[in-house]
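Fold and geometry: a report
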Amino acid sequence: MQPSNLTTTLIEKYQPQVIEPKWQARWNADQVYRAAVDPDRPKYYALTMLPYTSGNLHIGHWYAMAPSDAHARRQRMLGYNVMFPPGFDAFGLPAENAAIAHGTHPKTWTYANVENMRRQLRSMGAAWDWQREAITCDPHYYRWTQWLFIQLFNHGLAYKKMARVDWCPSCNTSLAREQVIGENRVCERCKTPVIRKNLEQWFFRITNYAEELLSFDGLDWPDPIKTAQTNWIGRSRGASVAFTSDQGDPIEIFTTRPDTLWGATFLVLAPEHPLVEKLTPPGFQHAVETYVAWATRRTDVLREATDNEKTGVFSGTYAINPVNDQRVPIWIADYVLMSYGTGAVMGVPAHDQRDFEFAKKHNLAIRLVVQPPGQTVTGDSLTKAWLQEGQMVNSGPLDGLPVGKGKGESVRAAIHWLEQTGNGMGAVRYRLHDWLISRQRYWGAPIPIIECPTHGLVPVPDDELPLLLPEDVAWLPSGQSPLKLHPTWAQTTCPKCGQPALRDTDTMDTFMCSSWYHLRYLSPHYDQGAFDPHEYDYWMPVDTYTGGAEHATMHLIYTRFFHKALRDFGLTQGAEPMLKLRNQGQVLGPDGQRMSKSRGNVIDPDEQVRRYGADTMRAYLMFAYRWSEGGPWSSKNIQGVVRWLNRVWRLALPADTQLPPNGQDSQLVAQTADSSDRLQRRLRRFLHQNIQKVSHDFDGFEFNTAISALMDLSNEVQKLRPHLEGTAAWDEAITSLLLMMAPITPHITEELWARRALRYSIHQQSWPTYDPAAAAEESITLVVQVNGKVRDHVQVSVDVSEADAKAAALAAPRAQKYLAGHEVREIIHVPQTLVNILTG
RNA sequence: GCCGGAGUGGCGGAACUGGCAGACGCGCACGACUCAAAAUCGUGUACCUUCGGGUAUGUGGGUUCGACUCCCACCUUCGGCACCA
């Protein structure tokens with residue numbers, strides 16, 4: 001035997017820091033990942049959510065993108081023409097805040113960050129097609145964001161109105177309803193509690209699409225996302241009914257329980273309801289004004305807390321309930337919200353808990369209309385509202401009708417009666433609000449609208465797009481749009497009449513930019529439209545979209561809305577932009593907490609890449625957790641992946657550069673007498689079962705178990721090395737192992753592929769084909785149970801008959817032990833799997 | 001309060017349509033190699049045990065020949081929604 005120190009020098013160590021940049025440069029030079037339209041090949045559009053230009057990729061970006069890349073790479077190996085484009089969400093507040101804090105221009109800051117993040121994305125070794133890169137703050141990009149805004153405007157889907165809007169006092173801008181989160185109503189970005197302001201703002205009529213957005217037909221999206229969107233849209237079926245005030249004003253109310261209309265004993269208007277002032281007679285004005293002023297001052301958090309006291313004030317006037325001509329008092333109370341329904345409700349204290357509390361507090365009548373089964377109660381004897389099933393009473397035409405669990409029947413009957421008699425009609429309401437897109441900040445796409453004193457709101461003409469964002473602007477956190485403070489920018493002339501006119505000085509919500517970026521990727525340099533229809537026809541829709549679940553009710557609703565609107569303008573086709581959605585979980589700090597600078601538990605991917613290499617990072621992130629769940633980072637567990645890649649390195653290199661194996665599997669030593677043929681069959685069986693498993697796991701985004709299986713394969717190959725190295729089966733196994741690892745660890749596999757003198761590039765090879773014949777077992781192990789407990793195992797042939805399987809089980813020695821002295825009552829046979837013997 | 005997801009060894013996590021719970025990895029223990037260590041390789045590793053076996057997938061019930069998996073109730077935890085009429 002050679003002296004060991006001499007042998008060690010023969011081993012060339014696995015050095016990711018050397019091979020990774022080498023292959024990245026080569027792939028780039030050869031344009032290996034260029035995705036061009038090719039009608040002869042099936043396409044696959046793999047999209048991962050574009051990162052914001054914060055300056056650095058964090059571990060979460062790696063966790064989202066590297067597995068998405070691995071999945072896309074495998075699709076290439078399956079024969080698809082795959083497009084996997086990179087880009088940057090580059091407009092937004094942090095750039096401007098950096099400008100305020102450090103005096104750096106937002107543009108300078110942003111593009112410096114883009115530079116760094118490009119470098120980081122390249123270090124990932126992902127199959128990005130860089131020729132498709134899109135940056136949302138680029139004028140060539142936002143020209144089309146503005147153009148799309150104008151399309152929405154021309155089709156009546158963008159409108160401007162004065163509204164009471166959510167305002168973040170820290171970000172100094174208004175926010176969309178979706179961007180106010182939690183019961184504390186904080187800003188989605190900075191977590192500052194929002195306040196209300198009355199402002200004239202631009203909205204997109206997303207509510208026009210509420211009904212269609214509720215349909216997820218043909219979408220392979222996670223249920224929790226579909227549920228979150230469904231809840232957010234908040235469809236309610238009911239009826240709308242107009243009461244008539246003493247002054248003759250119709251007051252429209254919406255109710256989901258029209259069957260309880262006969263139980264209405266009062267009417268409640270929100271303090272902001274437009275009729276409040278008009279309805280209030282002189283004697284009540286002071287009290288009402290005082291209450292409205294008080295309610296307006298109260299924060300939304302206080303007003304919307306469910307355990308609130310039901311405050312309110314009598315308006316001094318009455319209204320007629322059209323169903324029974326009863327005259328009921330009109331109250332003003334802030335438990336009714338102007339932002340939902342009509343801002344007015346009927347009070348049915350007997351059958352609505354909120355109305356019940358209000359009636360008790362203010363001594364209003366309680367009229368029972370649903371009699372609980374088997375009881376005789378009256379409104380006065382109720383201690384809380386009766387919401388369960390029962391029978392209609394005191395309700396004229398509905399008397400005697402059963403009220404079922406779902407209330408469907410009685411509600412339908414009530415609506416039917418209302419429509420027959422002309423007293424009201426069935427109605428549907430949504431919780432969804434129109435999307436507020438005006439932002440009072442600088443670093444965004446300017447809203448391309450001019451306000452002319454004569455012609456009103458006029459779009460900037462097409463040939464003047466992009467409407468450039470001026471660079472000489474002062475960024476003051478003043479709450480005023482910086483563009484408004486610019487001395488000349490807003491001043492222009494009306495495109496229609498040439499008279500002096502003013503530009504809109506707000507910029508657009510950056511979610512607008514990201515609502516269509518998947519379309520710009522199709523043709524980022526195209527200047528005849530937002531995207532090239534030729535590219536659209538080939539690539540769209542997106543086949544898989546990956547990203548965080550936190551976008552459920554923001555980006556993922558907006559982008560669906562956009563697609564549907566553009567479809568109605570004839571620009572896109574089909575109902576949905578993204579067919580399959582998969583969400584990754586979150587990588588936590590080593591302490592199991594969310595990573596944050598303040599906790600000091602942040603793992604920097606650049607540092608990890610320097611230490612371990614990109615392949616190890618990629619494989620570790622895919623191996624450590626179920627992708628959809630995530631979990632804590634562990635610098636211990638990553639060692640398992642480090643070892644694995646080193647083992648594969650040694651395995652795939654020729655044996656004469658290796659240390660001789662110094663351990664022997666005793667079972668295998670015994671088998672050396674056995675023919676190599678038989679061992680080769682064993683290896684091929686293992687391999688082909690493995691190919692099937694890894695393929696299945698890749699299809700399901702189950703990267704952790706795919707890697708487990710690949711580790712299993714490398715373990716098996718290593719065991720058999722002393723006996724099979726150089727045989728056809730051995731080479732097939734190593735080749736297949738490298739091919740299946742290639743999407744996960746692209747660099748090491750390319751290097752080993754080259755060293756085994758196989759054809760460049762491994763990333764242009766086909767995924768190994770599963771051969772069922774090779775995978776077939778020669779014999780199977782049946783589990784033998786006695787009374788449901790595992791007692792023995794027996795080897796039988798694969799095509800064993802039921803009778804033979806049972807006989808073999810009964811004959812199993814360890815089973816016999818438990819059968820002695822007992823009568824066999826029944827034998828359950830699960831083919832290929834198990835025999836369960838039941839005794840009497 | 002309502003709607004979702006998740007509770008499995010010391011740890012990260014496996015288990016396809018109900019059929020051998022704990023794959024794969026970490027950690028740990030022992031062994032080989034080494035003067036020694038690291039690296040590498042091999043063996044073992046849920047718990048209890050009188051070594052026959054018994055008990056275990058958050059808790060308590062149920063269905064079934066058989067339950068991590070299905071049903072009911074509850075507990076913990078993480079998200080989402082919430083005076084939405």
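For clarity, every value in this text was computed on a predicted model and none was experimentally measured.

This next bit is on the overall build of chain A. On a plain count of helices and strands, chain A comes out with 29 helices and 34 strands. The C-alpha extent of chain A, read off along each of the three principal axes, is 110 × 85 × 50 Å. For chain A, buried positions account for 54% of its 840 residues. Of all intrachain contacts in chain A linking residues separated by at least 6 positions in sequence, the fraction that spans at least 24 positions is 72%. Approximately 36,800 Å² of chain A is accessible, and the part contributed by carbon and sulfur atoms is 51%. Charge-centre separation for chain A: the mean point of 84 positive side chains lies 4 Å from the mean point of 90 negative side chains.

Here strand β10 (residues 236-245) pairs with strand β11 (residues 250-255) via six bridges, running antiparallel. Counted as the bridge partner of Thr244 is Pro250 from β11. Hairpin connection of β10 to β11: four residues between the antiparallel strands, including Gly248 at a positive phi of 95°.

Our next topic: the packing of helix α21 (residues 638-652) against helix α26 (residues 746-755). Where α21 contacts α26, the axes come no closer than 10 Å and their chain directions differ by 10°. Between α21 and α26, the angle is such that the two are roughly parallel. Contacts between α21 and α26 involve Leu645, Val648, Trp649 and Ala652 from the former and Ile748, Glu751, Leu752 and Arg755 from the latter. In terms of residue class, the contact of α21 with α26 is built from six nonpolar, no polar and two charged.

Taken as a whole, chain A is organised into domain 1 (144-230 + 434-511), domain 2 (236-429), domain 3 (608-774) and domain 4 (778-839). Using C-alpha coordinates to define each centre, domain 2 is positioned 69 Å away from domain 4.

Tallied over the full model, the rule gives 44 aromatic pairs. An aromatic cluster of at least three residues, connected via ring pairs, comprises Phe149, Phe153, Trp202, Phe204, Tyr209, Trp435, Phe511, Tyr558, Phe561 and Phe562. Over the ring of Trp167 we find Lys197, and its NZ or CZ is 3.9 Å from the ring centre.

In the region of RNA strand B, 58 residues are neighbours, and Thr255, Thr256, Arg354, Arg431 and Arg643 sit closest. When the atoms of RNA strand B within 4 Å of the protein are sorted by group, sugar and phosphate make up 67%. In this structure, a sugar or linking oxygen belonging to RNA strand B sits 3.5 Å away from a side-chain N or O atom of Arg650. Per-element tally for the surface near RNA strand B: the top contributor is helix α24 (residues 703-724), with seven residues. A class-by-class count of the residues in the surface near RNA strand B yields 20 nonpolar, 20 polar and 18 charged.

Our next topic: the sheet that holds strand β18 (residues 402-403). Read across the sheet, three strands follow the order β16-β17-β18 without closing on themselves; strand pairing throughout is antiparallel. Each edge of the open sheet is held by one strand with a lone partner, namely β16 (370-371) and β18. Two strands pair when backbone bridges link them, and strand β17 (residues 390-392) and β18 are joined in this way by two bridges, in the antiparallel orientation. When the bridges of β18 are listed, Gly390 appears paired with Val403.

Let us look at the pattern of salt bridges. Across all of its chains, the model carries 46 salt bridges by this definition. Look at the salt bridges and you will find they share partners, linking Glu212, Arg560, Lys564, Arg567, Asp568 and Glu576 into a network.

Here the focus is the sheet that holds strand β20 (residues 435-436). Pairing is antiparallel across the open sheet formed by four strands, whose spatial order is β6-β5-β9-β20. The sheet terminates laterally at β6 (173-175) and β20, the two strands that pair on one side only. When strand β9 (residues 195-204) meets β20, the two strands line up antiparallel, connected through two bridges. Looking at the pairing, Phe203 lines up with Leu436 of β20. Helix α6 (residues 139-154) rests against β5 (158-168) and β9 of the sheet, and its axis sits at about 90° to β9.

With that settled, the discussion passes to the pairing of strand β14 (residues 326-332). One face of the sheet, then the other: side chains in a regular strand alternate in exactly this way. Within β14, five of the seven residues are buried, which leaves the element mostly enclosed by the surrounding structure. Examined bridge by bridge, strand β12 (residues 266-269) and β14 share three bridges and lie parallel to one another. Bridge pairing in β14 places Val268 opposite Trp331. Sheet analysis places strand β13 (residues 313-321) next to β14, joined by six bridges and oriented antiparallel. Among the inter-strand pairings, Asn321 is bridged to a residue of β14, identified as Gln326.

Looking along the chain, the bond that leaves Leu465 and enters Pro466 is cis, with omega of 0°. Among the structural elements, Pro466 can be located in the loop between β23 (456-459) and α14 (482-485). Omega for the peptide link from Tyr760 to Ser761 comes to -5°, which places this bond in the cis form. For Ser761, the location among the structural elements is in the loop between α26 and α27 (772-775). Phi angles above zero are rare outside glycine, and Lys191 is one such case at about 65°. Turning to its location among the elements, Lys191 is positioned in the loop between β8 (186-187) and β9. Of note, the phi angle at Phe701 is positive, near 60°, even though the residue is not glycine.

What follows deals with helix α3 (residues 59-77). The terminal C-alpha atoms of α3, which comprises 19 residues, lie 27 Å apart, in line with the 27 Å expected from a rise of 1.5 Å per residue. Burial runs high along α3: 18 of the 19 residues are buried. In the stretch just after α3, Gly79 is the one whose phi turns positive, near 105°.

Along the chain, Pro831 turns up in the loop between β33 (824-830) and β34 (834-839). According to the relative accessible area criterion, Pro831 is exposed, its value standing at 53%. Pro831 sits 49 residues away from Leu782 along the chain, and the two C-alpha atoms are 8.8 Å apart.

Moving on: the environment of Arg354. Looking at the element boundaries, Arg354 is found in helix α12 (residues 353-362). For Arg354, a relative accessible area of 48% translates into the label partly exposed. If we ignore the near neighbours within four places in the chain, the residues touching Arg354 are Lys310 and Tyr335. Here the side chain of Arg354 touches Asp352 through a polar contact of 2.5 Å, side chain to side chain.

To continue, consider the state of the cysteines. For the structure on display, the rule yields zero disulfides. Sulfur of Cys190: no disulfide; nearest cysteine sulfur belongs to Cys168 and is 3.5 Å away. Classification of Cys190 by relative accessible area gives partly exposed; the value is 29%. Left unpaired, Cys513 is separated from the closest cysteine sulfur, that of Cys137, by 9.0 Å. Take Cys513: its relative accessible area is 0%, and that puts it in the buried class.

Conventions we followed
Residues numbered from 1 in each chain as written. Chains lettered and ligands numbered in written order. Predicted model: local features only at pLDDT ≥ 70, side-chain atom pairs only at ≥ 80, totals over all residues. Heavy atoms only, no water. Helix = DSSP H or I, 4+ residues; strand = E, 2+ residues; numbered from the N terminus. Buried < 20%, exposed > 50% of the residue type's maximum accessible area, 1.4 Å probe, protein only. Contact = heavy atoms within 4.5 Å. Areas by Shrake-Rupley, 256 points an atom, 1.4 Å probe, with all protein chains shown as cover. Lys, Arg positive; Asp, Glu negative; His and termini not counted. Charge placed at Lys NZ, Arg CZ, Asp CG, Glu CD. Pairing = 2+ DSSP bridges. Axes fitted to C-alpha atoms, helices over the stretch in contact; angles between N-to-C directions. Parallel < 35°, antiparallel > 145°, perpendicular 65-115°, else oblique. Nonpolar A, V, L, I, M, F, W, Y, C, P; charged D, E, K, R; others polar. Domains from an automatic or database assignment. Phe/Tyr/Trp six-rings, centres within 6.5 Å; stacked < 30°, edge-to-face > 60°. Lys NZ or Arg CZ within 6 Å of the ring centre and 35° of its normal. Near = heavy atom within 4 Å. Polar contact = N/O pair within 3.5 Å; in protein donor to acceptor, adjacent residues only side chain to side chain. Salt bridge = Lys/Arg side-chain N within 4 Å of Asp/Glu carboxyl O. Expected span 1.5 Å × (residues − 1). Disulfide = S-S within 2.5 Å.

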